[in-house]
Amino acid sequence: MSWKRKRKPSARLGASPRDRRRRSLRCRSKNIARVPQAELSGEDRRWLAAAAALAERARPLSRPNPGVGAIILRDGKVAGRGWTQPGGRPHAEAMALAEAGDGAKGATLYVTLEPCAHRSPRGPSCSDLVAVAGVARAVIGMQDPDPRTAGAGLARLADEGLKTVDAGLGSAELGLEGHTMHVLEGRPHVTLKLALSLDGCIATASGESQWITGEITRRHVHRERARADAILVGGETLRHDTPRLDVRLPALAERSPERWVLSRSDAPDGWARLTSPGAIRDMTDIRYLFVEGGAAAAAAFLSEDMVDCLLLYRAPILLGDGRPGLADIGLEDLSSAHRRWTRKDLRVLGQDTLEILGRTR
């Protein structure tokens, strides 16, 4: 099995789209040499984390724009805060500045993503808004990989005299994985969820699967659904289980994601069809895809190296001759299985555990 997908070079430029975007980012970064690499204080880290928490309110309703969080701090107090609104506008910075009013003068702006630098028919760029608002200092979680900004927003702020700090944090820490994956790879960020027994089964031998995990875990899964633009299962799972795949948590039902099925057959009403894992590149408006199974669909995405995050829920039960959670993923030797995943977190959910792993790329 070929674990690493090869990108086709551009016939015109001799480089992949990702390489061209990265080159654009590097070139524009030369214009902001005055911006120092951050040696973040504990206070800066705390307020950036608070801005990232605000950004969660935008996900996934802000698509196709990234969910961004912003906080304006003056004299140790919050003068304004905001997050990207449904449909992508207003942006987080505009919301925070509107709330702060004159309180933005001399304040520090904490924002998870570099303020946009491109003008839109729907309003001025955020870097222009911040530059004229009298903000004294801006702490930016990460540069925007979008070539329309890619350092130009930071440069605009620095040119206006703001003390500008690029924290250089990762997209996962800021909740921007979907945006980064879309810009650099042209596809959604994919999370695969597996709810397993201790011996790796998703159902008994007869197919009974409700429920492997406990109620707390199931509520956590609904929370993860609410963070996704689209949710996908395999055709066999759809035919056998007829899952609802909605969000059944108070006040979050409106965040139920689009329902997709991995199948060669036509999708039923209310569903969209994906013919193969590679076809996610055609899901142009989707930034976060949540794959719930079953075993064949999970294996298909893993075989194509299309999984970026694994959520492994484990219940303290043994099923013996049950149905395995994964089908064949084409692994040819044990060495190919190592060093592909990095544990990000381990949590206890009632009697169950959740292991969060990121793909090592």
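Calculation notes
Residues numbered from 1 in each chain as written. Predicted model: local features only at pLDDT ≥ 70, side-chain atom pairs only at ≥ 80, totals over all residues. Heavy atoms only, no water. Core = buried A, V, L, I, M, F, W, Y, C linked by side-chain atoms within 4.5 Å. Buried < 20%, exposed > 50% of the residue type's maximum accessible area, 1.4 Å probe, protein only. Helix = DSSP H or I, 4+ residues; strand = E, 2+ residues; numbered from the N terminus. Contact = heavy atoms within 4.5 Å. Pairing = 2+ DSSP bridges. Axes fitted to C-alpha atoms, helices over the stretch in contact; angles between N-to-C directions. 1 Å grid on protein atoms, 1.4 Å probe; cavity = no way out; pocket = protein on both sides within 12 Å on 5 of 7 lines; lining within 4 Å. Points joined across faces, edges and corners; volume = space filled by probe spheres on them. Right-handed = clockwise from strand over helix to strand, strands pointing away. Disulfide = S-S within 2.5 Å.

Participant: So, the nonpolar core: which residues are in play, and what are the values?
Facilitator: Where a protein is soluble and globular, its nonpolar side chains tend to be buried together. Judged by nonpolar contacts, the single largest core of 32 residues is most densely connected at Leu40, Leu48, Ile72, Leu97, Leu109, Val130 and Val135. Those elements giving two or more residues to this core turn out to be β1 (69-74), α3 (92-100), β3 (108-113), α4 (126-132), β4 (137-142) and α5 (152-159). Apart from the residues within four sequence positions on either side, Val135 is in contact with Leu97, Ala104, Gly106, Ala107, Leu109, Val130 and Leu162. Grouped together as the second largest cluster of nonpolar side chains are 26 residues, Leu192, Leu196, Ala230 and Ala279 included.

Participant: Mind laying out the environment of Leu354, listing which residues take part and the relevant values?
Facilitator: Relative to the assigned elements, Leu354 resides in strand β15 (residues 352-359). For Leu354 and His220, which are 134 residues apart along the polypeptide, the C-alpha to C-alpha distance reads 9.7 Å. Look past the residues within four positions of Leu354 in its chain and what remains in contact with it is His220, Leu311, Leu312, Tyr313, Asp345, Leu346, Arg347 and Leu349.

Participant: How would you sum up the sheet that holds strand β10 (residues 272-274)? Please name residues and give values.
Facilitator: The strand order β10-β9-β8-β11-β6-β12-β15-β14 describes an open sheet built from eight strands, whose pairing is mixed. Whereas interior strands pair on both sides, the edge strands pair on one side only; in this sheet they are β10 and β14 (341-349). Strand-to-strand twist of the sheet, defined as the mean angle between neighbouring strand axes without regard to direction, takes the value 25°. Both strand β8 (residues 230-234) and strand β11 (residues 288-293) contribute to a ladder of four bridges, which runs parallel. In the sheet register, Ala230 faces β11, and the bridge partner there is Leu289.

Participant: Describe helix α10 (residues 295-303), and please don't skip the residues or the numbers.
Facilitator: If you check which residues of α10 are buried, you get Ala295, Ala297, Ala298, Ala299, Phe301 and Leu302. Where α10 terminates, the next one or two residues include Asp305, which has phi positive at roughly 55°.

Participant: Outline the sheet that holds β1, listing residues and values.
Facilitator: Read across the open sheet, the five strands follow the order β2-β1-β3-β4-β5; overall the sheet is mixed. Here the strands that pair on one side only, and so sit at the sheet edges, are β2 (77-83) and β5 (163-166). When strand polarity is set aside, the average angle formed by the axes of neighbouring strands in this sheet is 15°. Here β1 pairs with β2 via six bridges, running antiparallel. Across the sheet, Gly69 pairs through a bridge with Trp83, a residue of β2.

Participant: How would you sum up the layout of surface pockets? Please name residues and give values.
Facilitator: The computed volume of the second largest pocket comes to approximately 1200 Å³. Considering the residues around the second largest pocket, the lining is formed by 44 residues, among which Thr237, Asp241, Glu292, Gly293 and Gly294 are closest to the centre. Elements supplying a minimum of two residues to the lining of the second largest pocket: β6 (189-196), β7 (201-203), α8 (215-226), β8, α9 (235-241), β11, α10 and β13 (323-324). Broken down by element, the lining of the second largest pocket gets its largest block of residues, six residues, from α9.

Participant: How would you sum up the pairing of β8? Please name residues and give values.
Facilitator: The buried count for β8 comes to five of five residues, which makes it a mostly enclosed element. Side-chain alternation along β8 places Ala230, Leu232 and Gly234 on one buried face and Ile231 and Val233 on a second face that is also buried. Alignment of β8 against strand β9 (residues 258-262), held across five bridges, turns out to be parallel. By the bridge assignment, Gly234 is partnered in β9 with Leu262. In terms of handedness, the path from β8 via α9 over to β9 forms a crossover that is right-handed.

Participant: Outline the state of the cysteines, listing residues and values.
Facilitator: Scanning all chains against the criterion turns up zero disulfides. Not part of a disulfide, Cys116 finds its nearest cysteine sulfur in Cys126, a span of 3.8 Å. Exposure remark for Cys126: the relative accessible area of 2% places this residue in the buried category.

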